[in-house]
Amino acid sequence: MSFRRDKAAAREWQAWLREHEAELVACGVPREVWADPMTWYLFVDHGYHPPVSNAREVRFNVSDLSADQQERLYRFLAGVLPVHEKEHSSSLWSYLHFRFGKRDETAD
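Everything in this summary refers to the structure shown in the same document. (Residues numbered from 1 in each chain as written. Predicted model: local features only at pLDDT ≥ 70, side-chain atom pairs only at ≥ 80, totals over all residues. Heavy atoms only, no water.)

## Describing the pattern of salt bridges
Applying the stated criterion across every chain, the model contains four salt bridges. The shortest N-O distance in the salt bridge between Glu21 and Arg31 comes to 2.3 Å. Within this pair, whereas Glu21 is found in helix H1 (residues 7-27), its partner Arg31 is found in the loop between H1 and helix H2 (37-46), the two being separated by ten residues in sequence. Of the residues examined, Arg31 reaches a relative accessible area of 49% and is grouped as partly exposed. Among the salt bridges present, the one from Arg75 reaches Glu71, with a minimum N-O distance of 3.1 Å. On the criterion of helical spacing, the pair formed by Arg75 and Glu71 is a turn pair, its members being four residues apart in helix H3 (residues 67-80). For Arg75, a relative accessible area of 40% puts it in the partly exposed group. Overall, Glu71 belongs to the buried group, its relative accessible area being 17%. (Salt bridge = Lys/Arg side-chain N within 4 Å of Asp/Glu carboxyl O. Helix = DSSP H or I, 4+ residues; strand = E, 2+ residues; numbered from the N terminus. Buried < 20%, exposed > 50% of the residue type's maximum accessible area, 1.4 Å probe, protein only.)

## A look at the environment of Phe76
Positionally, Phe76 belongs in helix H3. Residue Phe76 is classed as buried on the basis of its relative accessible area of 8%. For the pair Phe76 and His20, spaced 56 residues apart in sequence, the C-alpha separation works out to 9.0 Å. For Phe76, the residues in contact, after removing those within four places along its chain, are Trp16, His20, Glu23, Leu24, Cys27 and Trp40. (Contact = heavy atoms within 4.5 Å.)

## Things to note about the packing of aromatic side chains
Evaluated as defined, the whole model comprises nine aromatic pairs. Ring centres 5.9 Å apart and planes at 40 degrees place the aromatic pair Trp40 and Phe43 in the tilted group. With a gap of three residues between them, Trp40 and Phe43 both fall in helix H2, about one helical turn apart. Arranged with centres 4.8 Å apart and planes meeting at 20 degrees, the rings of Tyr74 and Trp93 form a pair that is stacked. Taken together, the residues Tyr74 in helix H3 and Trp93 in helix H5 (residues 91-107) connect sequence positions 19 residues apart. (Phe/Tyr/Trp six-rings, centres within 6.5 Å; stacked < 30°, edge-to-face > 60°.)

None of the figures reported here should be taken as evidence of function without further support.
Structural data, given as structure tokens:
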């Protein structure tokens, strides 16, 4: 049995990257964090990126970003994350929403 890559999913990911690459770079998120969907989703779930060779070593953490970059990432994620990820599963979203979401709520 051979592994077959889902070409449609790969095309969708490439299209997503073309649409959002400039903003990810502006947020300060390293390319290795969004090199593939699984790496990106793990980062969004946990807020850090370990290398494949050693999952205990953290190569990039959201706390490595400046406060302005974190807020920009928060605003980016607000537009791209599905509601269920915001409400139930994303540690990164929870952290950023705690820091920056309050500003939005008090501005109303």
